[in-house]
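One letter stands for each residue in the lines below.
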Amino acid sequence: MIDTKSPADRTTTGPTSVRDPEIVPVRNYGRWIAAVASLLALVGLIGSLAKNDNLHWDVVGDYLFADLIFDGLATTLWLTAAAMLLGLALGTLIAVMRLSSSPVLYGLANAFVWVFRGTPLLVQIIFWGYAAALYKYVKIGIPFTDITFFQAETNTLLTPAIAALLALGLNEAAYASEIVRAGIQSVDPGQTEAAHSLGMRPALTMRRIVLPQAMRVIIPPMGNETINMLKMTALVSVISAHDLMSNIQDVYAQNYQVIPMLVVASIWYLALVTLLSVPQAWLERRYGRGTTRAAHVSPFRRLLGGTMERLGKNSKEQNR
């Protein structure tokens with residue numbers, strides 16, 4: 001008997017594929033052995049940590065939901081949100097300046113990125129935290145004259161939280177500007193030329209035509225920057241900004257339970273990063289529709305799809 005089915009009729013790809021019963025899939029025994037070995041190693045690691053008395057799980061439980069921890073979480077969250085807003089707003093402005101035909105604006109933008117991207121974030125945090133050693137007073141007035149409109153002590157204005165916000169926001173602006181610049185350059189120049197031919201000014205063209213189309217390139221890496229910012233807030237503990245890590249350090253400086261308190265911090269950071277990963281994945285799918293290849297199907301979804309497929313086949317056979 002001649003098989004008149006084409007290869008496309010016999011099998012299709014995807015989680016809900018229907019395969020010809022005559023086709024036997026390849027047995028990947030090495031993959032199964034590696035998976036079993038990995039699971040055994042993971043179970044052994046979890047078991048050793050669970051039974052390790054040096055972790056002091058009772059201390060972890062006592063401080064996991066303590067008021068001091070929640071106070072640090074609140075500071076960490078608002079620092080993350082405020083620094084990202086500052087970085088995105090300033091980064092967009094710097095990106096536009098780097099694309100400007102003005103050599104002055106281009107040079108200033110390049111200098112900003114060069115400084116804040118070229119120095120470690122930890123150095124910048126310490127610098128802003130001790131800025132009063134450089135300038136005792138903050139003055140606003142007319143340069144090279146004695147006319148002053150506003151004056152205040154630097155330590156009064158630059159509290160540890162404000163210093164942390166400036167350091168994180170300005171550092172993020174340098175990286176966000178590169179992301180925004182890449183998004184703007186991904187838009188076809190013909191879009192700008194068409195807008196100009198309709199009489200739209202450059203600023204209006206950027207705001208109404210270019211930036212909305214650039215969002216599909218900007219959003220995914222900016223989501224990664226948000227998650228990274230959440231973790232980088234731990235560095236502000238060096239200036240005692242009362243974030244989560246600062247409060248954790250204050251506790252283990254008194255009870256000397258360093259490892260249990262770090263476990264508490266790790267649990268909360270993992271929880272927050274997991275929560276942020278959900279909208280990030282949704283935004284990547286949302287802005288990637290129609291412009292990228294189909295999203296990669298995870299092995300778990302393939303396994304689930306294969307299981308549902310077999311259940312469907314068995315149900316159909318029983319109905320027959």
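Scroll up to find the structure.
Residues numbered from 1 in each chain as written. Predicted model: local features only at pLDDT ≥ 70, side-chain atom pairs only at ≥ 80, totals over all residues. Heavy atoms only, no water.

1. Re the overall build of the chain
1) Next: Secondary structure assignment for the chain yields 13 helices and two strands.
2) Next: Relative to all contacts within the chain whose residues are 6 or more apart in sequence, the contacts with residues 24 or more apart total 69%. (Helix = DSSP H or I, 4+ residues; strand = E, 2+ residues; numbered from the N terminus. Contact = heavy atoms within 4.5 Å.)

2. Describing the pairing of strand S1 (residues 137-141)
1) Next: Where S1 meets strand S2 (residues 148-153), five bridges bridge the pair, whose relative direction is antiparallel. In the sheet register, Tyr 137 faces S2, and the bridge partner there is Glu 153.
2) Next: Taking the residues between adjacent antiparallel strands as the criterion, S1 and S2 are bridged by six residues, where Phe 144 takes a positive phi near 65°. (Pairing = 2+ DSSP bridges.)

3. Some details on the side chain of Glu 172
1) Next: Mapped onto the secondary structure, Glu 172 falls in helix H8 (residues 160-185).
2) Next: We note that Glu 172 is buried and unpaired, the nearest opposite charge coming from Arg 117 at a distance of 12 Å.
3) Next: Not counting residues up to four positions away in its chain, the partners in contact with Glu 172 are Ala 83, Met 84, Gly 87, Met 222, Glu 225 and Met 229. (Buried < 20%, exposed > 50% of the residue type's maximum accessible area, 1.4 Å probe, protein only. Lys, Arg positive; Asp, Glu negative; His and termini not counted. Salt bridge = Lys/Arg side-chain N within 4 Å of Asp/Glu carboxyl O.)

4. Notes on unusual backbone geometry
1) Next: Within the chain, Ser 240 stands out as a residue other than glycine whose phi angle is a positive 55°.
2) Next: Here Ser 240 is to be found in the loop between helix H10 (202-232) and helix H11 (244-255).
3) Next: A relative accessible area of 42% means that Ser 240 is categorised as partly exposed.
4) Next: Of note, the phi angle at Tyr 256 is positive, near 60°, even though the residue is not glycine.

5. Describing a nonpolar patch on the surface
1) Next: Taken together, Ile 140, Ile 142, Ile 147, Phe 149, Phe 150 and Leu 157 make up a surface patch of nonpolar side chains, about 570 Å² in accessible area.
2) Next: With respect to the element layout, Ile 147 can be found in the loop between S1 and S2. (Patch = residues over 30% accessible without salt bridge, like charges linked within 9 Å, V, L, I, M, F, W, Y side chains within 5 Å. Areas by Shrake-Rupley, 256 points an atom, 1.4 Å probe, with all protein chains shown as cover.)

6. Some thoughts on the nonpolar core
1) Next: Counting 24 residues, the largest nonpolar core has Ile 125, Ala 164, Leu 168, Ile 218, Met 222 and Val 236 as its most contacted members.
2) Next: At nine residues, H8 tops the list of elements feeding residues into this core.
3) Next: Discounting residues that sit within four places of it in the chain, Val 236 has contacts with Leu 79, Ile 125, Ala 164, Leu 168, Ala 241, Asp 243 and Ser 246.
4) Next: Judged by nonpolar contacts, the second largest core, of 23 residues, contains Val 263, Ala 265, Trp 268 and Tyr 269. (Core = buried A, V, L, I, M, F, W, Y, C linked by side-chain atoms within 4.5 Å.)

7. So, the pattern of salt bridges
1) Next: As enumerated under the stated definition, the model contains three salt bridges in all.
2) Next: In this structure, the salt-bridge partner of Arg 98 is Glu 178, at a minimum N-O distance of 2.2 Å. Residue Arg 98 is found in helix H4 (residues 67-98), and its partner Glu 178 is found in helix H8; the two are separated by 80 residues along the sequence.
3) Next: Taking the shortest distance from any N to any O, the salt bridge between Arg 181 and Glu 178 comes out at 2.8 Å. Taken together, the residues span about one helical turn, with Arg 181 and Glu 178 both in helix H8 at a distance of three residues.
4) Next: For Glu 178, a relative accessible area of 18% translates into the label buried.

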